[in-house]
Amino acid sequence: MGETGAYDVVVIGAGIVGAMIARELSKIEGRFALLEKKAFPCFGMSKAGLSQIHLPDFCPPGSLKGRLCKDAPSRFRMLAGELDVAYREVGELWVALEPEQVANLEAAKTRGECHGAKGYEMIGPERIREIEPHVTPKAVAGLYARGLGVVYVPEWGFALVENAVQNGLHLHLQTSVSGIERENGSYRLFTSRGTITGKFLVNAAGIHSDEIARMIGDRDIRLDLRKGTMLIFDKAVSHLVHNMIYGTFSERHSQDIAPTAHGNLILGVHYVRPEHKEDRKVTRQDILETVKLGKELIPVLSEKEVINSFSGILPSNNRAPNGDFYIAPSEQAPGVIHVLVGAPGLTAAPGIADLVVRLLRDQGMMKEEKKSFQKTRAGWPRFESATLPEKLRIVGQNPKYGHVLCRCEQVTEAEILEAIRRGADTMDGVKHLTRAGMGRCQGSFCSIPVLNALVKELGVAPTWVTKNGAGSHQIVGYTKEAAMARGPGE
Amino acid sequence: MMRTSHIDLAVIGAGPAGLAAAVEAKHLGVKDLVVFERDERPGGILRQCIHAGFGLEKFNEELTGPEYANRYIKMAESWGIDISLDTTVLDIDKNRTLTVVSEQGGLRQVACKSVILAMGCRERPRGALGIPGTRPAGVFTAGHAQRLINVEGYMPGRTVVILGSGDIGLIMARRLTLEGAQVKAVAEILPYASGLIRNVVQCLNDFAIPLLLRHTVAEIHGDRRVEGVTLVQVDDRWNPVEGTEQFIECDTLLLSVGLIPENELSKAAGVMIDPKTGGAYVSDYFESGVEGLFSCGNVLHVNDVVDNVSLEGESAAYGAFRRIKGLPAESSVISIEGDETIGQIVPQRITGLRDVTFHLRVKRPMKKFILQVGDRFEKKYPYARPSEMIWVKVPGDIFRDVRGSIIVHCEETS
Amino acid sequence: MKEAKDLICITCPKGCEAKVWSEQGEIKVKGKICKKGKAYLEQEFREPRRILTTTVVVKESSTARLPVRTARAFPKKDLFKAMEQIARVSVKPPVRIGEVVLADLAGSGVDLIAADDLLQ
């Protein structure tokens, strides 16, 4: 990269929040950059979550996070249309499994309503059974609301960033920041890809935001971390849950089972203390505890149907009271906005982006709207979820839609090539954009065609291909290296 | 509008089961048949099984996988069998209409008189095993690694630990070693190797690769790429024994821990699946519970000898042929149940009007036992292991006057 | 007397065990072993042999590797020597199944043959 021209704003971190912010910034005239240390947007903690857009009913009254969740479902619905990404509508059902828990439901309703949420219904066991036939008979009462949603975060991150780039944003992937200096009213960032200069900085670095803060001179920002385990279930049991079903919440768990945007079930979250920031380890105990959470809500749920388990780190900051978000200009460094958030980061993301842009303007960033702003971005047809007539049409238009490479999720060569051409240059990048490798066999059939597609489209050697960026090589070499070294026609 | 063609017989899968079924169907006189294969070449899993050990019964020779497949591919060619490659069957309905797609042929429907399901199986992945630890690159199922090495010429890693001593794991231990990798250990949760003894000798002993019985992987380490695994000993209930953890440095973990018949299409058509086999409930004509849908090979139940897979294909072809010819359907009224000594058995229901060959596995290793079919038939065996399927032919007349069900049981005599 | 070896017969899935030693030039087998097994064990004691199966590099084709095999059992002691020799050659289409790819592999008198057709 070398030394690039100075940016007006540099956003550090392309998680879902950074991606939203970048897209909002791209509506304004100016030079903007988005830095991401991983190989793809939303490859960090944003994708290691439940991916749900909830009501703000577990946000304390008067909290910033609660305010920022206002109108989230309708904002996401609108963004889904603009960005051509999936948004699956579901309801929210908070159940009480004992009479003592009913008070929790009342409190949740109150919290939600004070943040502007409407449409809550307190319901009894019969109605619960109607809505969710597989919920435990122990459920004595429920708090039900319709019109919420689930998304697949990596798709959203990609779409937001693609749209922002379309509108002039500079995206720098695999770019980590190691130092920041103040010089002539701007900031010089030393990164793994060279030096970048920006007048304003947005610290949206998630679990690394304390490190970025320290680089700027804000030494007393500290993060408290929890590691949460989540499980994904086979589509064969998707019929067990129709809405986001919540149970109880504590330091050690957030009991939540829900459909995913693409038809699986996701269950979480069992919390433990991580050993360190990069600790993603999931132990047998973590899996068992998480299954327990699920079985309490859905007794017929079986561990046998788990197809994947993963963990995510959830940070909370030491600046805001009551575990609230802290989104504010730096007290030390002019023109730096710290975005210290946690859950519900996804739901609040549109609100967070608005707030950050406002704060930047307050700090002196330019205001002129970009007249040429392109607010829509087109995705590409997804074969698996198309109706038969749609399938016929897209195969007719592009025969490579007839070549199924991922049999479990019915992902075709056309989609895989499109994802690669649009920027997915790792196995996981292709996986998260197309779903190839996310099905029953978890890639044991399609990993090879995906690897070969990356080799062919990018013109790279097979040994260059990684799972998710530097160091995660998929293969190490070739058989018969001696003969291959000899070259053709030996 | 979507085209619909009409054929007599669709065979789904051009592996050993499908090819044998197609060849036999032609031999019997079925005219209008198509084999649908999603890979770019026929042969199924045999393409990547380059080791020898196939064909001893069928051809009286010890062939490699590709050589065995080649025999059937040549037979298919000489019969002029239409094998539609790079073609995926997306759906089957209970009226035997297939929805099929390929780059060449587009999206179309195929209405069939009979369908033979020969889709084979998939491997149990890490996600389903819940192996604790991080999620680095370098974790492969053994079959995936086999294809990487044998078909693509890619080396998955340089220092390897293999979980599972089934034949695939053992074969891969040898293959990797011959290609210059170091296989540090094969871990097996059972107290005995689950693959053939010949493979333990030729794949592990020959190369001094340690076989750690009663062991499993407790944790995978590594941030970007595998850096090592922690193995741990287990007790009789497969619980880890505290204090027995050992860390083995490696850059690759191969998982050879189970095959699952690939019945998603079958289920979509309404075929009921036997939880003991993971495959369809079938009659002695290999017909599933859905009329006109027949099942054979690894999609019916995981086999260990490919010659038997071909025989199953032939049997399914005969069943399909009878239906195409309009021969009277015989009701399979007698249900066959294996008791707790039997791991799995097919067919699970029979007509009782003819001789039947049962294909079964014992639940646990047995020595000197008598296999009993109800109180009507018995046969002595010196030994049996779950990993070796038993084929037992039972004369049809023993089922005379039988109604309801017959229990199959193994009685140890020593 | 040459030292006795404990060997496992692998000619059939039974995997019978036997002690094998040499006495006055004759190979003795102690254990419950059938005729076929005895022949294998004698050979295994004298000079262990294996069918070697591997792949060979393919050039000028969209196929990357061709499976190959020794036409018959090959001396176990020379397996890695053979692998090195095989690693240095390549083939290009057309090759017919059964064709000799490398004659007299590692000086053993055993040929390495193609285990599949390579037509394009």
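It should be emphasised that the depicted structure is a prediction, and the values quoted were computed from it without experimental measurement. (Residues numbered from 1 in each chain as written. Chains lettered and ligands numbered in written order. Predicted model: local features only at pLDDT ≥ 70, side-chain atom pairs only at ≥ 80, totals over all residues.)

**Q** Is there a simple way to think about the overall build of chain A in this case?
**A** Secondary structure summary: chain A contains 14 helices and 20 strands in total. Relative to the 2.2 N^0.38 estimate, which gives 23 Å for 490 residues, the radius of gyration of chain A is 23 Å and therefore close to what a compact globule would have. In terms of its C-alpha atoms, chain A occupies a principal-axis envelope of roughly 75 × 55 × 45 Å. Out of the 490 residues in chain A, the part that is buried amounts to 54%. (Helix = DSSP H or I, 4+ residues; strand = E, 2+ residues; numbered from the N terminus. Rg over C-alpha atoms; globule rule 2.2 N^0.38 Å. Buried ≥ 20, exposed ≤ 12 C-beta atoms within 10 Å, placed from the backbone.)

**Q** Can you walk me through the overall build of chain C in this structure?
**A** Each helix and strand in chain C was counted, giving 2 helices and 10 strands. Reading the helices (α) and strands (β) of chain C from amino to carboxyl end gives β-β-β-α-β-β-β-β-α-β-β-β. At 18 Å, chain C has a C-alpha radius of gyration far larger than the 14 Å of a compact globule built from 120 residues. Along the first, second and third principal axes, the C-alpha set of chain C runs to 55 × 25 × 15 Å. Relative to its full complement of 120 residues, chain C shows a buried share of 34%. A separation threshold of at least 6 residues defines the contact pool for chain C, and within that pool the share at least 24 residues apart is 46%. (Contact = placed C-beta atoms within 7 Å.)

**Q** What's the story with the domain arrangement of chain A in this structure? I'm lost.
**A** One widely used convention gives an interface's size as the accessible area the parts lose upon coming together. All names here are of chain A. Domain annotation for chain A reports domain 1 (7-46 + 154-222 + 319-362), domain 2 (86-149 + 224-313) and domain 3 (388-474). Here the C-alpha centre of domain 3 lies 30 Å away from the C-alpha centre of domain 1. With 9 residues of domain 1 at the contact, the number on the domain 3 side is 9 residues. Looking at the side of domain 1 that touches domain 3 residue by residue, the classes come out as 5 nonpolar, 1 polar and 3 charged. (Domains from an automatic or database assignment. Nonpolar A, V, L, I, M, F, W, Y, C, P; charged D, E, K, R; others polar.)

**Q** It is not clear to me how the nonpolar core should be interpreted in this structure. Could you clarify?
**A** Within soluble globular proteins, side chains that are nonpolar generally end up buried alongside one another. Grouped together as the largest cluster of nonpolar side chains are 252 residues, with contacts concentrated most on Ile352 and Val356 of chain A together with Ile12, Ala21 and Ile116 of chain B. Top element by residues in this core is helix 9 (residues 345-362) of chain A. It accounts for 9 residues. The contacts of Ile352 of chain A, once residues within four sequence positions are left out, are Val17, Met20, Leu68, Ile327, Val339 and Val341 of chain A. By size, the runner-up hydrophobic cluster in this structure holds 53 residues, among which are Val160, Cys203, Val217 and Val257 of chain B. (Core = buried A, V, L, I, M, F, W, Y, C linked by C-beta atoms within 7 Å.)

**Q** I'm lost on the sheet that holds strand 15 (residues 215-221) of chain B in this one. Help?
**A** The strands making up a sheet associate through hydrogen bonds between their backbones, and the pairing can be parallel or antiparallel. Residues and elements named next belong to chain B. Pairing within the open sheet is antiparallel, and its 3 strands lie in the order 15-16-17. The open sheet has two free edges, formed respectively by strand 15 and strand 17 (246-249), since each of these has just one partner strand. The mean angle between the axes of side-by-side strands here comes to 30°, regardless of whether they run parallel or antiparallel. In terms of strand pairing, strand 16 (residues 228-233) meets strand 17 through 4 bridges, oriented antiparallel. Among the inter-strand pairings, Leu231 is bridged to a residue of strand 17, identified as Gln246. (Pairing = 2+ DSSP bridges. Axes fitted to C-alpha atoms, helices over the stretch in contact; angles between N-to-C directions.)

**Q** Explain helix 1 (residues 16-28) of chain B to me, please; I cannot follow it from the model alone.
**A** Residue pairs three or four apart in sequence face the same way in an α-helix, which turns once every 3.6 residues. All names here are of chain B. Between the first and last C-alpha of helix 1 there are 18 Å, a value that for 13 residues agrees with the 18 Å anticipated at 1.5 Å per step. Burial of helix 1 is extensive: 11 of the 13 residues sit out of reach of the surface. Within helix 1, the full set of buried residues consists of Pro16, Ala17, Gly18, Leu19, Ala20, Ala21, Ala22, Val23, Glu24, Ala25 and Lys26. Considering only its buried residues, helix 1 is in contact with strand 1 (4-12), strand 2 (33-36), helix 2 (65-78), strand 8 (106-117) and helix 8 (306-325). The first or second residue beyond helix 1 is Gly29, which carries a positive phi of 115°. (Expected span 1.5 Å × (residues − 1).)

**Q** What should I look at first to understand the packing of helix 4 (residues 142-152) of chain B against helix 5 (residues 167-178) of chain B in this one?
**A** For any two helices packed against each other, one specifies the inter-axial angle together with the distance between the axes. All names here are of chain B. Between helix 4 and helix 5, the shortest axis-to-axis distance is 9 Å and the interhelical angle comes to 35°. In the packing of helix 4 onto helix 5, the handedness of the crossing is left-handed. Facing helix 4, whose interface residues are Ala142, Gly143, Ala145, Gln146 and Ile149, helix 5 presents Ile168, Gly169, Met172 and Arg175. Along the lines of polarity and charge, the residues of the contact of helix 4 with helix 5 split into 5 nonpolar, 3 polar and 1 charged. (Left-handed = near helix turned anticlockwise from the far one by under 90°.)

**Q** Explanation requested: the packing of helix 1 (residues 16-25) of chain A against helix 9 of chain A in the structure shown.
**A** All names here are of chain A. Direction vectors running N to C along helix 1 and helix 9 enclose 40°, while the axes themselves pass 8 Å from each other. Taken together, the axes of helix 1 and helix 9 lie oblique to each other. Two packed elements cross with a definite hand, and for helix 1 against helix 9 that hand is right-handed. Within the contact between the two elements, helix 1 uses Ile16, Val17, Met20, Ile21, Glu24 and Leu25 and helix 9 uses Gly345, Leu346, Ala349, Pro350, Ile352, Ala353, Asp354, Val356 and Val357. (Parallel < 35°, antiparallel > 145°, perpendicular 65-115°, else oblique.)

**Q** Mind showing me how you'd approach the domain arrangement of chain C here?
**A** For chain C, the assigned domains are domain 1 (2-46) and domain 2 (53-114). A straight line from the C-alpha centre of domain 1 of chain C to that of domain 2 of chain C covers 30 Å.

**Q** Would you take a moment to explain the sheet that holds strand 12 (residues 159-163) of chain B for this structure?
**A** Residues and elements named next belong to chain B. Judged by pairing direction, the sheet is parallel, and its 5 strands sit side by side in the order 10-18-12-13-14 without closing on themselves. Across the chains shown, the open sheet's two edge strands, defined by having one partner strand only, are strand 10 (139-141) and strand 14 (211-213). Each strand of the sheet is rotated relative to its neighbour by a mean of 20°, with strand direction disregarded. Of the pairings in the sheet, the one linking strand 10 to strand 18 (residues 252-255) comprises 3 bridges and is parallel in character. Looking at the pairing, Phe140 lines up with Leu254 of strand 18.

**Q** Looking at this structure, I do not really get unusual backbone geometry. What am I missing?
**A** Among all residues except glycine, the phi angle is most often negative; among peptide bonds, the trans geometry is most common. With an omega of 0°, the peptide bond between Ala343 of chain A and Pro344 of chain A qualifies as cis. Following the sequence through the fold, Pro344 of chain A ends up in the loop between strand 17 (336-340) and helix 9.

**Q** Mind showing me how you'd approach the interface of chain B and chain A here?
**A** Contacts between the two partners involve 40 residues from chain B and, on the opposite side, 42 residues from chain A. Those elements that provide at least two residues to the side of chain B that touches chain A are strand 6 (87-92), strand 7 (97-102), strand 8, strand 9 (121-123), helix 3 (126-129), helix 4 and strand 11 (154-155) of chain B. When residues in the side of chain B that touches chain A are grouped by element, the largest group, 6 residues, is from helix 4 of chain B. Across the side of chain B that touches chain A, the residue classes break down as 14 nonpolar, 12 polar and 14 charged. Examined bridge by bridge, strand 20 (residues 477-478) of chain A and strand 11 of chain B share 2 bridges and lie antiparallel to one another. Bridging from a neighbouring strand, Gly477 of chain A pairs with Met155 of chain B of strand 11 of chain B.

**Q** Hey, could you run me through the interface of chain C and chain B in this one?
**A** Across the boundary between the two partners, chain C contributes 20 residues, which contact 19 residues of chain B. Secondary-structure elements contributing two or more residues to the side of chain C that touches chain B are strand 5 (53-58), strand 6 (65-70) and helix 2 (79-87) of chain C.

**Q** Explain the environment of Ala10 of chain B here, please?
**A** Residue and element names in this part refer to chain B. Here Ala10 lies in strand 1. C-beta crowding within 10 Å serves as the criterion here: with 28 such atoms nearby, Ala10 is assigned to the buried category. In this structure the C-alpha to C-alpha distance between Ala10 and Leu117, which are 107 residues apart in sequence, comes to 8.5 Å. In this view, Ala10 contacts Val34, Phe36, Leu98, Val110, Cys112 and Val115; residues no more than four positions away in its chain are not counted.

**Q** When you look at the pairing of strand 7 of chain B in this model, what are you seeing that I'm missing?
**A** A regular strand places its side chains so that they alternate between the two faces of the sheet. All names here are of chain B. Of the strand pairs in this sheet, strand 6 and strand 7 are connected by 5 bridges, and their pairing is antiparallel. Looking at the pairing, Asp91 lines up with Thr99 of strand 7. Where strand 6 hands over to strand 7, the hairpin turn is made up of 4 residues, of which Arg96 adopts a positive phi near 65°. Pairing of strand 7 with strand 8, which is carried by 6 bridges, proceeds in the antiparallel orientation. In the strand pairing of strand 8, Thr97 is matched with Ala111.

**Q** Would you explain the pairing of strand 6 (residues 141-150) of chain A in this entry?
**A** Residue and element names in this part refer to chain A. Burial runs high along strand 6: 8 of the 10 residues are buried. Note: strand 3 (residues 52-53) against strand 6, 2 bridges, orientation antiparallel. Bridged to Gln52 within strand 6 is Val150. Bridge count between strand 5 (residues 121-123) and strand 6: 3 bridges; the pairing is antiparallel. Opposite Met122, over in strand 6, you have Leu143 as the bridge partner.

**Q** Could you clarify how one ought to interpret helix 8 (residues 284-297) of chain A in this entry?
**A** All names here are of chain A. Its 14 residues place the ends of helix 8 21 Å apart at the C-alpha level, agreeing with the 20 Å of an ideal helix rising 1.5 Å per residue. All of the buried residues in helix 8 are Asp286, Thr290, Val291, Leu293, Gly294 and Leu297. Down the axis, helix 8 shows its buried residues gathered within 150° of arc, on one side only. The inward-facing, buried residues of helix 8 contact strand 4 (88-96), strand 11 (223-233), strand 12 (244-249), strand 13 (253-259) and strand 14 (265-272). (Arc of directions from axis to C-beta.)

**Q** Just checking my understanding: could you explain the confidence of the model for chain C for this structure?
**A** Close reading of the predicted structure is inappropriate where its pLDDT is low. In the predicted model, chain C carries a mean pLDDT of 92, and the fraction of residues at 70 or more is 98%. Here the complex is predicted with pTM 0.93, and the ipTM for its interfaces comes to 0.95. (pLDDT = per-residue confidence, 0-100.)

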